[in-house]
Amino acid sequence: MSDYTKIADTGNGMVALLKEALVPELLNSPDQIGLCSPDDHGDLAVGIWLYDVREDTSIQAHEMTDIGRNTQRYPSTYLTLYYMLTLYLQSDLKYRFPQEHQIMGRIIQTFRDHAIMDADSFVPVERSARENIRIQLQDLELEEKLRLWTVPNAAYRTSLFYTAGPVEIQSARLKSVTRVREIDYRFAGKEE
């Protein structure tokens, strides 16, 4: 797996988790859940939009990583990904809002129950480690949510906002190093 795909892999891991949680109980098809922007959601019922990517400044990687005996990799970059999850149900108005509320409740439950994804396989795990990706519900003010909703001529839809991180993007730069193989200690002593 290439490391530059970790942003896409994180979003796809969230989609896979929701497909397992929502289909067939609340949605008919796994094809109704996917990555999209709010103004280009097609026929999706649940859209996940990556609206921001920021460097995680709480993790400062400055050291080279050994990969093999004579090669080191430059430090990784750690990111926090910001997602907006919006429902686009097409059902009759009488049934749409109760169904949306059920789906929102199930999404919140799923991401709380499976808040940690393995950074390599992007499947939920029970243990917490530095290299795992944590999914957390954001606490945003309504004004911030309205500002993020960028669909012209469309009323704001109640959405859920999550962060996922840290997501590690390893450097592609490598450095060849020469290891110390032998040390020769010579002591100059006093002659009497």
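Structure: above.
A brief look at the structure comes next. Because the structure is a prediction, the values reported are computed rather than measured.

Some details on the packing of aromatic side chains
Turning to step 1, where the next piece is worked out: Scanning the model with the defined rule gives five aromatic pairs in all.
Turning to step 2, where the next piece is worked out: Between Trp-149 and Tyr-156 the ring centres are 5.7 Å apart and the planes differ by 85 degrees, which places this aromatic pair in the edge-to-face class.
Turning to step 3, where the next piece is worked out: Since its relative accessible area comes to 10%, Trp-149 is described here as buried.
Turning to step 4, where the next piece is worked out: The exposure class of Tyr-156 is partly exposed, given its relative accessible area of 24%.

Some words on a negative patch on the surface
Turning to step 1, where the next piece is worked out: On the surface, Asp-139, Glu-141, Glu-143 and Glu-144 cluster together into a negatively charged patch.
Turning to step 2, where the next piece is worked out: Considering the arrangement of structural elements, one finds Asp-139 in the loop between strand E7 (133-137) and helix H3 (142-148).

Concerning the side chain of Thr-163
Turning to step 1, where the next piece is worked out: Take Thr-163: it is sitting in strand E8 (residues 159-169).
Turning to step 2, where the next piece is worked out: Note on Thr-163: relative accessible area 13%, which makes it buried.
Turning to step 3, where the next piece is worked out: Here Thr-163 is in contact with Thr-80, Leu-81, Tyr-82, Arg-134, Ile-135, Gln-136 and Gln-138, once residues within four sequence places are set aside.

Procedures and definitions
- Residues numbered from 1 in each chain as written.
- Predicted model: local features only at pLDDT ≥ 70, side-chain atom pairs only at ≥ 80, totals over all residues.
- Heavy atoms only, no water.
- Phe/Tyr/Trp six-rings, centres within 6.5 Å; stacked < 30°, edge-to-face > 60°.
- Buried < 20%, exposed > 50% of the residue type's maximum accessible area, 1.4 Å probe, protein only.
- Patch = residues over 30% accessible without salt bridge, like charges linked within 9 Å, V, L, I, M, F, W, Y side chains within 5 Å.
- Areas by Shrake-Rupley, 256 points an atom, 1.4 Å probe, with all protein chains shown as cover.
- Salt bridge = Lys/Arg side-chain N within 4 Å of Asp/Glu carboxyl O.
- Lys, Arg positive; Asp, Glu negative; His and termini not counted.
- Charge placed at Lys NZ, Arg CZ, Asp CG, Glu CD.
- Helix = DSSP H or I, 4+ residues; strand = E, 2+ residues; numbered from the N terminus.
- Contact = heavy atoms within 4.5 Å.

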